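Reading the structure
Spelled out, the chains give:
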Amino acid sequence: MTALRIRDFEIHPGYFAPDAQAQLVADLRDCLGQAPLVQPVTPRGTPMSVRMSSAGAYGWISDRKGYRYERLHPSGVPWPPIPAELLAMWQDLVPDARAPECCLINWYDATAKMGMHQDRDEADLSQPVVSVSLGDEALFRMGNATRGGKTESVWLKSGDVVVMGGEARRAYHGIDRIRPNSSTLLPKGGRINLTLRVVT
Ligand SMILES: O=C(O)CCC(=O)C(=O)O
Ligand SMILES: [Mn+2]
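Described below are features of the structure shown in this document. If you're wondering where the values come from, they're calculated on a predicted model, not measured in any experiment.

Spatial ordering of the open sheet is given by S7-S12-S9-S10, a layout of four strands whose pairing is antiparallel. Bordering the open sheet on either side are strand S7 (114-117) and strand S10 (152-156), each of which pairs with just one other strand. Averaged over all adjacent pairs, the angle separating strand axes in this sheet is 25°, with direction ignored. Bridging between strand S9 (residues 137-142) and S10 involves five bridges; their strand directions are antiparallel.

Right, dumping it as structure tokens:
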């Protein structure tokens with residue numbers, strides 16, 4: 001399937017076929033067995049609607065102390081390794097990038113969303129972020145390098161991959177809503193989003 005480009009966001013519809021999606025879900029279950037999902041709070045103490053964990057050398061954390069990357073899960077255990085098929089995808093789509101050091105795992109239930117934000121806790125913003133969608137469809141909104149202005153939206157489906165490089169790397173983006181029961185990949189529904197990042 002050919003990629004489509006919206007601004008500098010490069011979207012690969014159906015990058016992962018259904019059997020590869022099922023394999024990813026199985027691998028993620030192992031990851032979450034070691035480093036369980038937690039419900040983060042914002043630095044102001046407001047609970048986020050997504051639940052999060054990570055794989056890789058670093059995990060992304062949000063709590064009362066702020067947004068940051070940490071070497072350990074809040075329980076004190078190291079994050080599990082990033083599943084091999086995600087490393088292969090990274091090599092395929094962004095061969096010139098450094099190796100990813102974090103795979104943030106976001107789990108959305110039917111009512112979860114993510115407000116417009118930039119990914120900017122990483123030291124080297126010349127490195128791309130690559131995002132994988134699994135399960136229910138999500139309305140992904142793409143904005144600008146500064147807050148506000150015109151935006152464009154696309155429904156991301158299970159197996160779709162988005163490369164955020166170039167101008168898109170600093171662009172505001174978010175998830176407005178999930179379309180419940182739009183996928184049968186996850187037996188209880190919901191959506192998993194993975195974002196691979198170079199942290200240092
Ligand atoms: O769920 C998504 O598709 C986007 C997630 C995201 O932007 C993030 O975790 O920083
Ligand atoms: Mn983001």
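Turning to the coordination of the manganese ion (ligand 2), a few remarks are in order. Every protein donor of the manganese ion (ligand 2) is accounted for by His117 (NE2), Asp119 (OD) and His173 (NE2), and the metal-donor separations fall at 2.1 to 2.3 Å. Binding-site remark: the manganese ion (ligand 2) is held by donors from one chain whose sequence spacing is H-x1-D-x53-H. With aspartate 119 in the loop between S7 and strand S8 (129-135) and histidine 173 in strand S12 (residues 173-179), this residue pair connects regions lying 54 residues apart in the sequence.

Within the open sheet, the seven strands sit side by side as S1-S2-S11-S8-S13-S6-S3. Their pairing is antiparallel. Lying at the two open borders of the sheet, with one neighbouring strand each, are strand S1 (4-6) and strand S3 (51-55). Pairwise comparison of adjacent strand axes, ignoring direction, gives a mean angle of 20° for this sheet. Alignment of S3 against strand S6 (residues 102-108), held across five bridges, turns out to be antiparallel. Pairing of methionine 52 across the sheet is with asparagine 106, part of S6. Most of the contacts of helix H1 (residues 18-34) go to S8, to which it runs at about 100°, and overall it touches S3, S6, S8 and strand S13 (191-197). Where helix H2 (residues 84-93) meets the sheet, its contacts fall on strand S2 (9-12), S6, S8, strand S11 (161-164) and S13, and the angle it forms with S13 comes to roughly 60°.

What follows is about the site of ligand 1. Neighbouring residues of ligand 1: Leu104, Asn106, Tyr108, Met114, His117, Asp119, His173, Ile175, Arg191, Asn193, Thr195 and Arg197. Between ligand 1 and aspartate 119 there is a distance of 3.1 Å, counted from an oxygen atom to a side-chain nitrogen or oxygen. Contacts to ligand 1 include arginine 197, whose side-chain N or O atom sits 2.9 Å from an oxygen atom. The fraction of the free accessible surface of ligand 1 (300 Å²) that becomes covered by protein chains is 97%. When atom positions are compared with the pocket grids, ligand 1 is found to occupy the largest pocket. Those elements that provide at least two residues to the shell around ligand 1 are S6, S7, S12 and S13. At four residues, S13 tops the list of elements feeding residues into the shell around ligand 1. Here the residues of the shell around ligand 1 are counted per class, giving four nonpolar, five polar and three charged.

Across all of its chains, the model carries three aromatic pairs by this definition. Look at tyrosine 15 and phenylalanine 16: their rings are 5.0 Å apart centre to centre, the planes differ by 80°, and that puts the pair in the edge-to-face class. For tyrosine 15, a relative accessible area of 28% corresponds to the partly exposed category. When its relative accessible area of 7% is taken as the criterion, phenylalanine 16 is described as buried. The ring of tryptophan 155 is capped by arginine 179, whose NZ or CZ atom sits 3.8 Å from the centre of that ring.

The rules behind the values
- Each chain carries its own residue numbering, running from 1 in the direction its sequence is written.
- Both sets of labels track the order of writing: A upward for chains, 1 upward for ligands.
- Only residues with pLDDT of at least 70 get local features here, since the model is predicted, and only at 80 or more are side-chain atom pairs given and counted; chain-wide, interface and lining totals rely on the full set of residues.
- Neither water nor hydrogens contribute to the side-chain values; these are computed over all heavy atoms in the structure.
- Any two strands with at least two DSSP bridges between them are considered paired.
- Here a helix means four or more residues in a row that DSSP labels H or I, a strand means two or more in a row labelled E, and each is numbered from the N terminus.
- Axis angles are defined between N-to-C directions and span 0 to 180 degrees, where every axis is a line fitted to C-alpha atoms and, for a helix, only to the segment in contact.
- Donor atoms (N, O, S) are those found within 2.8 Å of the metal centre, with the cutoff raised to 3.2 Å for Na, K and Ca; water is not part of the atom list, so apparent gaps in a site can occur.
- Here a residue-residue contact requires only that any non-hydrogen atoms of the pair lie within 4.5 Å.
- We call a residue near a molecule or strand whenever a single non-hydrogen atom of that residue lies within 4 Å of it.
- N or O atoms closer than or at 3.5 Å make up a polar contact, with two conditions inside protein: a donor-capable atom paired with an acceptor-capable one, and, for residues adjacent in sequence, both atoms drawn from side chains.
- All accessibility values rest on the Shrake-Rupley procedure with a 1.4 Å probe; residue burial counts only the protein chains present in the view.
- Every definition here rests on a 1 Å grid over the protein atoms only: cavities are sets of points where a 1.4 Å probe fits but cannot get out, pockets are open sets enclosed by protein on both sides within 12 Å along at least five of seven lines, and lining residues have some atom within 4 Å of a point.
- More than half of a molecule's atoms lying within 2 Å of a cavity's or pocket's grid points is what places that molecule inside it.
- By the convention adopted, Pro, Cys, Tyr, Trp, Phe, Met, Ile, Leu, Val and Ala count as nonpolar, Lys, Arg, Asp and Glu as charged, and the other residues, Gly among them, as polar.
- Pairing of aromatic rings covers Phe, Tyr and Trp, the last through its six-membered ring, and needs centres within 6.5 Å; plane angles under 30 degrees mean stacked, over 60 mean edge-to-face, and all others mean tilted.
- Here the term buried applies to any residue with accessible area under 20% of the maximum for its type, exposed to any over 50%, and partly exposed to those in between, with areas from a 1.4 Å probe on protein chains only.
- Note on criteria: charge over ring means Lys NZ or Arg CZ within 6 Å of the ring centre, with the direction from the centre no more than 35 degrees off the ring normal.

Coordinates in, geometry out; function isn't part of it.
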